[in-house]
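Report on the structure
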Amino acid sequence: MKDHQGRSIQYLRLSVTDQCNLNCRYCRPEGHSTHSGTLLTPAELEAIGAAGVRLGLTKLRITGGEPLLRSDVLEITRRLAALPGVEELAMTTNGLLLADMAASLRQAGLMRVNVSLDSLAPAQFFALTGGGDLAAVLRGLDAAERAGLVPMKLNVVLMGGINEDKIPDFVALTKHRPIIVRFIELMPIGESTAFVTERLVSSDAVLHACPELTPVPGRLQGVARVYQLPNAVGKVGLIRPMSRHFCGQCNRIRVTADGNVKPCLHHEVETSLRGLTGEGLVAALRQGILSKPAGHTMTSHRPSRAGRNMHQIGG
Ligand code: SAM
């Protein structure tokens, strides 16, 4: 359905947990307590998905927190995949547990995964994530490819003075692998607000570091501008929430792990869906879409008005 700005809203992101098994410095540093409430059950998630499909939200994403921490993630996936009208079912994960789960997720009906990965150097990955095992994530990527969870996207948050110099290594991955590496600008939300001015790097840095990248004509994949190396199998995407707002093309709404519809990542507006079923649930989701703000007001000096951290909303 269309929102008040005439945007066609087709994409529903469902956070299934606010827990995570990594402690990324800009998202959920160690010691940061999470639980924001009782998590939505598989049946509640299915009902929200069904209500979304009724309103034309045909693309669903399971996210978190880390969705693979949910012991019932396969049941959630199966229920959402079985909804008539769902055209795409994807997941965003840090990939740590993916190696063991990729095949079962595919069997349950998952179509694609986006994996978040900010460094290809084991020691740096360990430091950035508060103890993450890069080798496990890389095994997860291979397993996801083998299982057919493709095309796979790799999400890299760029941070000046930290991983900016690794841009060419990430871009090189696309030479022989059919993946889309997407560079995302660091946003001042939650934890990262304290250091965004110091660490924010415009995605232009990718084009400066790899001038051989050329735009793929007409390609705007989701919110990313798409580029490619000569003769490469994969692609490179630039996502620029800071340097070039894409609010005018935003086609998504979110549901938090504790059951609130959040029409804009960067606005505090939320409505609880808890306890609603049938027409009441559809009406609340519709209202959420109609209350979607025209755009965010965030700059490197003005933080997001999300009112929560990314891991609680479902990035
Ligand atoms: N655990 C899953 C994962 O790691 O992909 C899903 C949740 S995580 C919050 C989703 C995405 O949000 C990750 O790609 C993460 O890098 C991104 N993210 C978190 N905080 C961010 C920030 N301040 N700016 C930009 N991206 C951020």
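The notes below deal with the structure included here. Computed from a prediction, not measured in an experiment: that's the story for all the values here.

**Some thoughts on the state of the cysteines**
One pass over the full model with this rule turns up 0 disulfides. The closest cysteine sulfur to the non-disulfide-bonded Cys24 is located on Cys27, 6.2 Å from its own sulfur. Sulfur of Cys264: no disulfide; nearest cysteine sulfur belongs to Cys247 and is 6.3 Å away. In this structure Cys264 comes out as buried when scored by relative accessible area, which is 10%.

**Describing the site of the ligand**
Around the ligand lies a shell of 18 residues, among which Tyr26, Gly65, Glu66, Ser116 and Met187 are the nearest. Contact between the ligand and Ser116: an oxygen atom at 2.4 Å from a side-chain N or O atom of the residue. When the free accessible area of the ligand is taken as 550 Å², the share hidden by the protein chains comes to 94%. Among the residues forming the shell around the ligand, the class breakdown is 7 nonpolar, 9 polar and 2 charged.

**Some remarks on unusual backbone geometry**
For the bond from Val150 to Pro151, the omega torsion is -5°, close enough to zero to count as cis. Position of Pro151 among the secondary structure elements: in the loop between helix H5 (134-147) and strand E5 (153-158). Positive phi is not limited to glycine here, since Asn231 has a value of about 60°.

**With respect to the pattern of salt bridges**
Tallied over the entire structure, the rule returns 16 salt bridges. The partner of Asp3 in a salt bridge is Arg7, with the nearest N and O atoms 2.7 Å apart. Ionic pairing is found between Arg308 and Asp258, a salt bridge with its closest N-O pair at 3.3 Å. You can see Arg308 sitting in the loop between helix H9 (278-290) and helix H10 (310-313) and its partner Asp258 sitting in the loop between strand E10 (252-255) and strand E11 (260-262), a full 50 residues away along the chain. In this pair, the class of Arg308 matches that of Asp258, namely buried. What you see here is one network of salt bridges that share partners, running through Asp258, Lys262, Glu270 and Arg308.

**Comments concerning the packing of aromatic side chains**
Tallied over the entire structure, the rule returns 1 aromatic pair. Residues Phe170 and Phe183 carry aromatic rings whose centres are separated by 6.2 Å and whose planes lie at 90° to one another, so their mutual orientation is edge-to-face. Of the two residues, Phe170 sits in helix H6 (residues 167-172) while Phe183 sits in strand E6 (residues 180-185), which places them 13 residues apart along the sequence. The pair formed by Phe170 and Phe183 is uniform in burial state, with each residue classed as buried.

**Regarding the nonpolar core**
With 91 residues, the main nonpolar core has Ile48, Val113, Val171, Phe183 and Val206 as its most contacted residues. Among the elements that line this core, the one with the most residues is H5, at 7 residues.

**Concerning the side chain of Arg70**
As for its placement among the helices and strands, Arg70 is situated in the loop between strand E2 (59-63) and helix H2 (73-81). With a relative accessible area of 10%, Arg70 lands in the buried category. Within the structure, the side chain of Arg70 is placed 2.8 Å from the side chain of Asp72, a separation counted as a polar contact. If near-sequence neighbours (up to four positions away) are discounted, Arg70 is found in contact with Val16, Thr17, Leu39, Leu40, Thr41, Pro42, Leu45 and Ile76.

**Section: the pairing of E10**
One face of the sheet, then the other: side chains in a regular strand alternate in exactly this way. Across the two faces of E10 the burial is the same, with Arg252 and Arg254 and Ile253 and Val255 all buried. When strand E1 (residues 11-15) meets E10, the two strands line up parallel, connected through 4 bridges. Each residue of the ladder has a partner; that of Leu12, found in E10, is Ile253. Inspection of the sheet shows E10 paired to E11 by 2 bridges, in the antiparallel sense. Looking at the pairing, Val255 lines up with Val261 of E11. Taking the residues between adjacent antiparallel strands as the criterion, E10 and E11 are bridged by 4 residues, where Gly259 takes a positive phi near 95°.

Thresholds, definitions, all that
- Residues numbered from 1 in each chain as written.
- Predicted model: local features only at pLDDT ≥ 70, side-chain atom pairs only at ≥ 80, totals over all residues.
- Heavy atoms only, no water.
- Disulfide = S-S within 2.5 Å.
- Buried < 20%, exposed > 50% of the residue type's maximum accessible area, 1.4 Å probe, protein only.
- Near = heavy atom within 4 Å.
- Polar contact = N/O pair within 3.5 Å; in protein donor to acceptor, adjacent residues only side chain to side chain.
- Areas by Shrake-Rupley, 256 points an atom, 1.4 Å probe, with all protein chains shown as cover.
- Nonpolar A, V, L, I, M, F, W, Y, C, P; charged D, E, K, R; others polar.
- Helix = DSSP H or I, 4+ residues; strand = E, 2+ residues; numbered from the N terminus.
- Salt bridge = Lys/Arg side-chain N within 4 Å of Asp/Glu carboxyl O.
- Phe/Tyr/Trp six-rings, centres within 6.5 Å; stacked < 30°, edge-to-face > 60°.
- Core = buried A, V, L, I, M, F, W, Y, C linked by side-chain atoms within 4.5 Å.
- Contact = heavy atoms within 4.5 Å.
- Pairing = 2+ DSSP bridges.

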